2 protein chains.
Amino acid sequence: MENDIYFVQLFDIYKGLLTEYQRELFSMRYSLDLSFAEIAIETGASRQSAFDGIKKVKEKLVEYENVLKLKEKYDAIADLSENFSEEQKRALDDIIGR
Amino acid sequence: MENDIYFVQLFDIYKGLLTEYQRELFSMRYSLDLSFAEIAIETGASRQSAFDGIKKVKEKLVEYENVLKLKEKYDAIADLSENFSEEQKRALDDIIGR
């Protein structure tokens, strides 16, 4: 579950780099909480290919994070901004959340 | 030239998403300042394919920026941090530059 949250955060950051189909697969699993069998029915693919597809999306997300380290950077900025004024914090959140 | 700086900045941010060959092409053009004819000799490809290859890299960089807007975000954070203390500024620079 902890692990799921990590992937959902990576997805929020990097979804624009995924294909439409990859975004759909990921959302079926992590937003709609469908089983692999249910995703297979939705996509008309086999259970195995639903499983493989989502595994591949997660690998892509980890690859993007390894290269760009955006979650790491955003987390570090959030930690740092704990000592900032409310106004500074809001301004930073606003930029990162764009 | 102004335009070149823009692409060099995008390259610095997104180079990890490019292939080794794309990074080499871009560096030959923008770090070593080689002509397309010289790049063609270096890579053993035609001048046209050196030109097309670099055009494609630049398109990729723009595509990444359109999706992730990291240059826009980093610039906005730099602007914002003008009003921060020296210590806060250094800490933010340190995170973004990782």
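A brief structural summary.

In this section: the overall build of chain A. When its secondary structure is counted, chain A shows six helices and zero strands. Reading chain A from its N terminus to its C terminus gives the helix and strand order α-α-α-α-α-α. In terms of overall size, chain A is more extended than a compact globule, its C-alpha atoms giving a radius of gyration of 16 Å where 98 residues would be expected to give roughly 13 Å. With the C-alpha coordinates of chain A rotated into their principal frame, the extents come out at 50 × 25 × 25 Å. Within chain A, the proportion of its 98 residues that are buried is 39%. When contacts within chain A are restricted to residue pairs at least 6 apart in sequence, those whose partners lie at least 24 apart make up 49%. Total accessible area on chain A stands at roughly 5800 Å², and carbon and sulfur atoms take up 49% of it. Between the mean site of the 14 positive side-chain charges and the mean site of the 20 negative ones, chain A shows a separation of 4 Å.

Further remarks concern unusual backbone geometry. Residue Lys69 of chain A is not a glycine yet carries a positive backbone phi of 50°. By the secondary structure assignment, Lys69 of chain A is in the loop between α4 (47-68) and α5 (70-80).

What follows concerns the relation of the copies chain B and chain A. Placing chain B over chain A gives an RMSD of 0.0 Å and needs a rotation angle of 180°, together with 0.0 Å of translation along the axis. Expressed as a symmetry operation, the mapping of one chain copy onto the other fits a two-fold axis. Comparing interface residues between copies, 100% of those in chain B also sit at the interface in chain A, which points to an isologous, same-surface contact.

A few words on the nonpolar core. Counting residues in each nonpolar core, the largest one holds 58 residues, and the members touching the most others are Tyr14 and Leu61 of chain A together with Tyr14 and Leu61 of chain B. Once you skip the residues sitting within four places of it in the chain, Leu61 of chain B turns out to touch Phe7, Leu10, Phe11, Tyr14, Leu18 and Phe26 of chain B.

Here the focus is the interface of chain B and chain A. Counting from both sides, the interface comprises 22 residues of chain B and, opposite them, 22 residues of chain A. Both faces combined, the contact of chain B with chain A buries some 2000 Å², and carbon together with sulfur accounts for 75% of it. The largest contributions to the chain B side of the interface with chain A come from Lys73, Ile95 and Arg98 of chain B, which together make up 26% of the buried area. Here chain B and chain A share three residue pairs in polar contact (both at pLDDT 80 or more) between them. Where the side of chain B that touches chain A is concerned, the elements lending two or more residues are α1 (2-14), α4 (47-68), α5 (70-80) and α6 (86-96) of chain B.

Now for the side chain of Glu65 of chain B. All names here are of chain B. Tracing the chain through its elements places Glu65 in helix α4. Buried and without a salt bridge, Glu65 has Lys71 as its closest oppositely charged side chain, separated by 6.9 Å. In terms of polar contacts, Glu65 uses its side chain to reach the backbone amide nitrogen of Leu70, at 3.1 Å. Apart from residues lying up to four places away in sequence, Glu65 is in contact with Tyr6, Leu10, Tyr14, Leu70, Lys71 and Glu72.

Parameters and conventions
Residues numbered from 1 in each chain as written. Chains lettered and ligands numbered in written order. Predicted model: local features only at pLDDT ≥ 70, side-chain atom pairs only at ≥ 80, totals over all residues. Heavy atoms only, no water. Helix = DSSP H or I, 4+ residues; strand = E, 2+ residues; numbered from the N terminus. Rg over C-alpha atoms; globule rule 2.2 N^0.38 Å. Buried < 20%, exposed > 50% of the residue type's maximum accessible area, 1.4 Å probe, protein only. Contact = heavy atoms within 4.5 Å. Areas by Shrake-Rupley, 256 points an atom, 1.4 Å probe, with all protein chains shown as cover. Lys, Arg positive; Asp, Glu negative; His and termini not counted. Charge placed at Lys NZ, Arg CZ, Asp CG, Glu CD. Least-squares fit on C-alpha atoms with pLDDT ≥ 70 in both. Core = buried A, V, L, I, M, F, W, Y, C linked by side-chain atoms within 4.5 Å. Buried area = accessible area lost by both parts, 1.4 Å probe. Polar contact = N/O pair within 3.5 Å; in protein donor to acceptor, adjacent residues only side chain to side chain. Salt bridge = Lys/Arg side-chain N within 4 Å of Asp/Glu carboxyl O.

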